[in-house]
Amino acid sequence: MRTPNPSTSVASREEWERNVCALTYDELDVQSIARSVGDDGAGATVVFVGTTRNNFRGKVVTRLEYQAYSKLAVKTVTEIVRNAHDDSVKRATNSTSTSHLISCAVHHRLGTVPVGEASIVIAVSSPHRQEAFVACEQILEGVKQKAQIWKREYYEGEDEEKAEWKANYS
């Protein structure tokens, strides 16, 4: 059984310069998202793919379901990416490195996400790997802690009506 989508949990997207933040009910195309941040000046592209795993604390997970307050969530994710860019510039200014972020893409699924499918893809390009890794981690943790996105885990053998909504950070 699938929970109906609330009117606030809708596909949403924000793009600026060479960055994108998207919430979608569509399956995430990891290769396409990685290519979207490509640049001839990038010596590194870091991609994080968060997938629905088949277990949690000894229980068999059958699927996850995500809902969001989309209008606010996409603004929050955009601010997280902007902060990662700003922090990258500050780190470059305070060191001998001139490295900075070139492009970031954050795509998060909404609705039902079966086991094995991607629920979030973050891609970051930068002239050097360290900055891309740092920014990717910063963006992931920011999204999990701050974005108005909630998940519901469904377990094998348990009443689906009793599945609980959880904050996206655990």
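Everything here concerns the structure above.
The structure contained in this document is the topic of the report that follows. (Residues numbered from 1 in each chain as written. Predicted model: local features only at pLDDT ≥ 70, side-chain atom pairs only at ≥ 80, totals over all residues. Heavy atoms only, no water.)

1. Some points on the layout of surface pockets
(1) Moving on: Estimated volume of the second largest pocket: approximately 170 Å³.
(2) Moving on: Lining the second largest pocket are 14 residues, and of these Arg13, Ala22, Thr24, Ile33 and His107 lie nearest its centre.
(3) Moving on: Within the residue set of the lining of the second largest pocket, elements represented by two or more residues are β1 (12-16), β2 (19-24) and α1 (30-36).
(4) Moving on: In terms of residues, the lining of the second largest pocket owes the most to one element, β2, which gives four residues. (1 Å grid on protein atoms, 1.4 Å probe; cavity = no way out; pocket = protein on both sides within 12 Å on 5 of 7 lines; lining within 4 Å. Points joined across faces, edges and corners; volume = space filled by probe spheres on them. Helix = DSSP H or I, 4+ residues; strand = E, 2+ residues; numbered from the N terminus.)

2. Thoughts on the environment of Phe48
(1) Moving on: Here Phe48 is to be found in strand β3 (residues 44-51).
(2) Moving on: Assessed through its relative accessible area of 29%, Phe48 is described here as partly exposed.
(3) Moving on: Considered as a pair, Phe48 and Lys71 are 23 residues apart in the sequence and their alpha carbons are 24 Å apart.
(4) Moving on: Once you skip the residues sitting within four places of it in the chain, Phe48 turns out to touch Ile120, Val121, Ile122, Cys136 and Leu140. (Buried < 20%, exposed > 50% of the residue type's maximum accessible area, 1.4 Å probe, protein only. Contact = heavy atoms within 4.5 Å.)

3. Some points on the sheet that holds strand β6 (residues 103-109)
(1) Moving on: Taken in spatial order, the five strands of this open sheet run β1-β2-β6-β8-β3, and their pairing is mixed. In the strand order of this sheet, the two ends are held by β1 and β3, each with one partner. Averaged over all pairs of adjacent strands, the angle between strand axes in this sheet comes to 5°, irrespective of strand direction.
(2) Moving on: Across eight bridges, the pairing between β3 and strand β8 (residues 118-126) is antiparallel. Bridging across to β8, Gly50 finds its partner in Ile120.
(3) Moving on: Lying over the sheet, helix α3 (residues 129-146) contacts β3, β6 and β8, oriented at roughly 145° with respect to β8. (Pairing = 2+ DSSP bridges. Axes fitted to C-alpha atoms, helices over the stretch in contact; angles between N-to-C directions.)

4. Remarks on α3
(1) Moving on: Compared with an ideal rise of 1.5 Å per residue, which puts 18 residues at 26 Å, α3 spans 25 Å between its outermost C-alpha atoms and is within 8% of the ideal.
(2) Moving on: Against β3, α2 (70-93), β6 and β8 lie the buried residues of α3. (Expected span 1.5 Å × (residues − 1).)

5. Re the pattern of salt bridges
Where charged atoms from two side chains of opposite charge come close, those side chains can pair.
(1) Moving on: One pass over the full model with this rule turns up six salt bridges.
(2) Moving on: Here Glu160 and Arg63 are joined by a salt bridge, their closest N and O atoms 3.2 Å apart. One end of the pair, Glu160, is in the loop between β9 (149-155) and β10 (165-167); the other, Arg63, is in strand β5 (residues 59-68), with 97 residues separating them in the sequence.
(3) Moving on: In this structure, Glu117 and Arg109 form a salt bridge, with 2.9 Å as the shortest nitrogen-oxygen distance.
(4) Moving on: Residue classification places Glu117 among the partly exposed residues on the basis of a relative accessible area of 21%.
(5) Moving on: Classification of Arg109 as buried rests on a relative accessible area of 4%. (Salt bridge = Lys/Arg side-chain N within 4 Å of Asp/Glu carboxyl O.)

6. Section: empty space enclosed by the protein
(1) Moving on: In total, this model carries one cavity of 30 Å³ or more according to the counting rule given.
(2) Moving on: Roughly 30 Å³ of internal volume is contained in the largest cavity.
(3) Moving on: Cys21, Ala22, Leu23, Val74, Val77, Val106, His108, Val143 and Ile149 are the residues that line the largest cavity.
(4) Moving on: Of the residues belonging to the lining of the largest cavity, the class tally is eight nonpolar, one polar and no charged. (Nonpolar A, V, L, I, M, F, W, Y, C, P; charged D, E, K, R; others polar.)

7. Regarding the pairing of β5
(1) Moving on: Among the ten residues in β5, seven count as buried, and that is most of the element.
(2) Moving on: Relative to β5, strand β4 (residues 55-56) runs antiparallel, the two sharing two bridges. Bridging across to β5, Asn55 finds its partner in Val60.
(3) Moving on: Hairpin geometry of β4 and β5 is characterised by an intervening segment of two residues between the two adjacent antiparallel strands and by a positive phi of about 50° at Arg57.
(4) Moving on: Bridge count for β5 against β9 is seven bridges, and the pairing is antiparallel. Bridge pairing in β9 links Arg63 to Tyr154.
(5) Moving on: Here four bridges tie β5 to strand β7 (residues 111-114), and the two strands are oriented antiparallel to one another. In the strand pairing of β7, Arg63 is matched with Pro114.

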